[in-house]
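Listed below, chain by chain, are the residues.
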Amino acid sequence: MSVGTDRAALLHDRVVAALAPAALELVDESHLHAGGKGKQSHFKLVVVAAAFEGRALLARHRLVHDAVGELLATKQLHALSIHAYTPAEWLARGEVMPQSPPCRGGSKTD
Amino acid sequence: MLDENTRKFIDHLVQNNRVLLFMKGNKTFPQCGFSGAVVEVLKRHGVDFHTVNVLQDPAIREGIKEYSSWPTIPQLYIDGEFVGGCDIVREMDANGELAQKLAAVRGDA
């Protein structure tokens, strides 16, 4: 990570601004991926927001994509695993974060 | 980004493969954990599926993102409908929705 590319903070702030989440957990999983250690390239994002009520998974993910904007489109982020729950769903699953799959090393740059 | 020929080619793929996965690598050697996770789910459901390795075609790799309005790979289509990426497929696998969709595919086959 170089100075001025604190993507974790940027990602966090954008999601908070767009979705006013009741809970948000952002995990930097870059070290699990090829060439990713210290790069802030792979994140897991768990967002709990009332904005997801009545929306299917696709629509929820699109809301998050919109919030994150060009970070994904311009490949500043290589991977963003998204888990979007309503407050009721999050309670029902015992506030447990899902696991991400392991990297398989395919593309190291984007 | 998405030129007319690429759009037509993706249209053709989507319309002619009932279960279609745009991924990095292939069924035997996925080159991304997220792509591999979707392959594993589909194999477990025992359904025939076609894969497109986006690493072999830059036009498709970028074009499919615009085509689906979805910024990441993998992307799963079932019966011409965009289903989602790895997180959504795994969630739908866990809650039974994926089994329902794939049962419809198998039922008609």
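A brief report on the enclosed structure follows. Values in this document were obtained by computation on a predicted structure and should not be read as measured data. (Residues numbered from 1 in each chain as written. Chains lettered and ligands numbered in written order. Predicted model: local features only at pLDDT ≥ 70, side-chain atom pairs only at ≥ 80, totals over all residues. Heavy atoms only, no water.)

Here's the deal with the interface of chain A and chain B
Stage number 1. On the side of chain B, 27 residues touch chain A, which itself brings 26 residues to the contact.
Stage number 2. A buried area of about 2000 Å², summed over both sides, lies between chain A and chain B, and 58% of it is on carbon and sulfur atoms.
Stage number 3. For Arg-104 of chain A, the salt bridge is made with Glu-40 of chain B, and the minimal N-O distance between the two is 2.6 Å.
Stage number 4. Linking chain A to chain B there are six residue pairs in polar contact (both at pLDDT 80 or more). (Contact = heavy atoms within 4.5 Å. Buried area = accessible area lost by both parts, 1.4 Å probe. Salt bridge = Lys/Arg side-chain N within 4 Å of Asp/Glu carboxyl O. Polar contact = N/O pair within 3.5 Å; in protein donor to acceptor, adjacent residues only side chain to side chain.)

Observations concerning the side chain of Ser-41 of chain A
Stage number 1. Mapped onto the elements, Ser-41 of chain A comes out in the loop between β1 (23-28) and β2 (42-48).
Stage number 2. In this structure the side chain of Ser-41 of chain A is engaged in a polar contact, spanning 2.8 Å, whose partner is the side chain of His-42 of chain A. (Helix = DSSP H or I, 4+ residues; strand = E, 2+ residues; numbered from the N terminus.)

A short note on the environment of Lys-24 of chain B
Stage number 1. Positionally, Lys-24 of chain B belongs in the loop between β1 (19-23) and α2 (33-44).
Stage number 2. Taking the C-alpha atoms as reference, Lys-24 of chain B lies 7.3 Å from Ile-73 of chain B; in sequence the two are 49 residues apart.

Some details on helix α1 (residues 4-16) of chain B
All names here are of chain B.
Stage number 1. Taking 1.5 Å per residue, 13 residues should reach 18 Å; α1 reaches 18 Å between its end C-alpha atoms and fits that length.
Stage number 2. Looking only at α1, the buried set comprises Thr-6, Ile-10, Leu-13 and Val-14. In an axial view of α1, the angular spread of the buried residues amounts to 95 degrees, which keeps them on one side of the axis. Along α1, the residues that are exposed and aim more than 90 degrees away from the buried face are Asn-5, Lys-8, Gln-15 and Asn-16.
Stage number 3. Considering only its buried residues, α1 is in contact with β1, β2 (50-53), α3 (58-68) and β3 (75-78).
Stage number 4. Put simply, Asp-3 is the residue that caps the front of α1, since its side-chain oxygen is 3.1 Å from the backbone nitrogen of Asn-5. (Expected span 1.5 Å × (residues − 1). Buried < 20%, exposed > 50% of the residue type's maximum accessible area, 1.4 Å probe, protein only. Arc of directions from axis to C-beta.)

Some details on the environment of Gln-76 of chain A
Residues and elements named next belong to chain A.
Stage number 1. Its location among the elements puts Gln-76 in the loop between α3 (70-73) and β3 (79-85).
Stage number 2. Of the residues examined, Gln-76 reaches a relative accessible area of 33% and is grouped as partly exposed.
Stage number 3. For the pair Gln-76 and Ser-41, spaced 35 residues apart in sequence, the C-alpha separation works out to 7.0 Å.
Stage number 4. For Gln-76, the contacting residues outside a window of four places in its chain are Arg-7, Gln-40, Glu-70 and Leu-71.

Some words on the packing of aromatic side chains
All names here are of chain B.
Stage number 1. According to the stated counting rule, one finds five aromatic pairs over all chains in the structure shown.
Stage number 2. Ring centres 5.2 Å apart and planes at 65 degrees place the aromatic pair Trp-70 and Phe-82 in the edge-to-face group. Taken together, the residues Trp-70 in the loop between α3 and β3 and Phe-82 in strand β4 (residues 81-84) connect sequence positions twelve residues apart.
Stage number 3. Of the residues examined, Trp-70 reaches a relative accessible area of 3% and is grouped as buried. (Phe/Tyr/Trp six-rings, centres within 6.5 Å; stacked < 30°, edge-to-face > 60°.)

Let's talk about the packing of helix α2 (residues 57-68) of chain A against helix α4 (residues 86-95) of chain B
Stage number 1. The interhelical angle for the contact between α2 of chain A and α4 of chain B, taken along N-to-C directions, is 150 degrees, at an axis separation of 10 Å. Taken as axis vectors, α2 of chain A and α4 of chain B run roughly antiparallel relative to one another. For the pair α2 of chain A and α4 of chain B, the sense of crossing is right-handed. Contact with α2 of chain A, carried on its side by Leu-57, Leu-58 and His-61 of chain A, involves Asp-87, Ile-88, Glu-91 and Met-92 of chain B of α4 of chain B and no other residues of that element. (Axes fitted to C-alpha atoms, helices over the stretch in contact; angles between N-to-C directions. Parallel < 35°, antiparallel > 145°, perpendicular 65-115°, else oblique. Left-handed = near helix turned anticlockwise from the far one by under 90°.)

Looking at the sheet that holds β1 of chain A
All names here are of chain A.
Stage number 1. Overall, mixed pairing links the three strands, which are arranged β1-β2-β3 in an open sheet. Looking at which strands have only one partner, the edges of the open sheet turn out to be β1 and β3. On average, each strand axis in the sheet is inclined to that of its neighbour by 10 degrees, with strand direction left out of account.
Stage number 2. For β2 and β3, the ladder comprises seven bridges, and the chain directions are parallel. Its bridge partner being in β3, Phe-43 is matched across the sheet by Leu-80. (Pairing = 2+ DSSP bridges.)

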